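Each chain, written out:
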Amino acid sequence: MLQDFLLKQGYTKIKLHLTKTNHFEIIAKINGVKGLFILDTGASNSCVDFDTATLFKLKVEESDVKAAGAGATDMKTQTSEKNKFTIGKWKDTKTALVLFSLTHVNTALTAHNSKPVHGIIGADVLKKGKAIIDYEKKYLYLKL
C-alpha cells in the first residue's frame, strides 16, 4: 500500500479536501497562523492575498514582477522572504511568498459555493517537500 510505503520512507500524510470547483483545499500555517489554501501544482510560486500580510506577520517588499494566472494578467505583486511554512508535521523556515490580489480566485470559488482562500500552495513548496499526491484517497504526502 502506498501509504505504508511512504510513511516508512519518512513522509507525513495530510488530508486533502476536494471542493465543488474540483480543487484540493488544505489547512497550512504561515508564521504560526492557520490559513486555508488551494493546492495548485501548476502555480510556480506559493502566494497569498495582499490582505493577509498582517494576518500572517509577513515582512513585505515591493516587486517589479507582474503575476498572471486564472484568467488575470499583469497583476501587481509584492514578495515576502524567509517565512515559516507548516503543513501538517512538515515545516520549512525559508519559504518565499508572492503577494497579489486573489479577488478573481475567491470570486470564482464563492460563485461555486466554495470557501474563499488565503492563498495558493504552489510547485515551489511541493518540490521542497518532495510532494506525492494520492488523488484517489485525497492525501498529500510530504517528506519530513
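J.: Would you take a moment to explain the packing of aromatic side chains for this structure?
T.: Tallying each qualifying case throughout the model produces four aromatic pairs. Joined through ring pairs, the aromatic side chains of F37, F56 and F85 make up one cluster. Seen from the ring of Y139, K13 lies directly overhead, with NZ or CZ sitting 4.4 Å from the centre. The ring centre of Y139 lies 4.6 Å from the NZ or CZ of K15, which sits over that ring.

J.: Mind showing me how you'd approach the sheet that holds strand β12 (residues 132-134) here?
T.: Judged by pairing direction, the sheet is antiparallel, and its three strands sit side by side in the order β1-β13-β12 without closing on themselves. With one partner strand each, in any of the chains shown, β1 (11-15) and β12 form the two edges of the open sheet. The average undirected angle you get between the axes of adjacent strands in this sheet is 25°. Across three bridges, β12 lies against strand β13 (residues 139-143) in antiparallel orientation. Bridging from a neighbouring strand, I133 pairs with L140 of β13.

J.: In this structure, what is going on with helix α2 (residues 103-111)? I would like to understand it.
T.: A turn of α-helix holds 3.6 residues, and therefore any two residues three or four places apart point the same way. Among the residues of α2, those classed as buried are V105, N106 and L109. The arc that holds every buried residue of α2, seen down its axis, measures 90°, which confines them to one face. Just beyond α2, the residue with positive phi is N113, at close to 60°.

J.: Help me understand the pairing of strand β3 (residues 24-30), please; the structure alone is not making it clear to me.
T.: As a general feature of sheets, a regular strand has side chains that alternate between the two faces. Within β3, five of the seven residues are buried, which leaves it mostly tucked inside the rest of the structure. Looking at chain direction, strand β2 (residues 17-18) and β3 are connected through two bridges and run antiparallel. Bridge pairing links L18 to F24 in β3. Connecting β2 to the antiparallel partner β3 that follows it, the hairpin turn spans five residues, and N22 within it adopts a positive phi of roughly 70°. Hairpin connection, β3 to strand β4 (residues 33-39): the antiparallel pair is bridged by two residues, and N31 has positive phi, about 50°.

J.: So what exactly am I meant to see when it comes to the pattern of salt bridges here?
T.: Tallied over the full model, the rule gives two salt bridges. In this structure, K128 and D92 form a salt bridge, with 2.9 Å as the shortest nitrogen-oxygen distance. With K128 in helix α3 (residues 123-128) and D92 in strand β10 (residues 90-100), this residue pair connects regions lying 36 residues apart in the sequence.

J.: Explain the nonpolar core here, please?
T.: The nonpolar side chains of a soluble globular protein tend to be buried, and buried together. Core analysis: the largest hydrophobic core is formed by 24 residues, its most contacted members being F85, I87, I121 and L140. Taken together, the elements giving at least two residues each to this core come down to β3, β4, β9 (78-87), β10, α3 and β13. Not counting residues up to four positions away in its chain, the partners in contact with L140 are T12, K13, I14, L16, I26, L39, I87, L126, A131, I132 and I133. One finds L36, V98, L102 and V105 within the second-largest nonpolar core, a separate group that totals twelve residues.

J.: What am I meant to see in the environment of K59 here?
T.: Turning to its location among the elements, K59 is positioned in the loop between β5 (47-49) and β6 (61-62). The exposed category is assigned to K59, whose relative accessible area is 72%. In sequence terms K59 and S80 are 21 residues apart; their C-alpha atoms lie 5.6 Å from each other. Look past the residues within four positions of K59 in its chain and what remains in contact with it is T79, S80 and E81.

The rules behind the values
- Residues numbered from 1 in each chain as written.
- Predicted model: local features only at pLDDT ≥ 70, side-chain atom pairs only at ≥ 80, totals over all residues.
- Heavy atoms only, no water.
- Phe/Tyr/Trp six-rings, centres within 6.5 Å; stacked < 30°, edge-to-face > 60°.
- Lys NZ or Arg CZ within 6 Å of the ring centre and 35° of its normal.
- Pairing = 2+ DSSP bridges.
- Helix = DSSP H or I, 4+ residues; strand = E, 2+ residues; numbered from the N terminus.
- Axes fitted to C-alpha atoms, helices over the stretch in contact; angles between N-to-C directions.
- Buried < 20%, exposed > 50% of the residue type's maximum accessible area, 1.4 Å probe, protein only.
- Arc of directions from axis to C-beta.
- Salt bridge = Lys/Arg side-chain N within 4 Å of Asp/Glu carboxyl O.
- Core = buried A, V, L, I, M, F, W, Y, C linked by side-chain atoms within 4.5 Å.
- Contact = heavy atoms within 4.5 Å.

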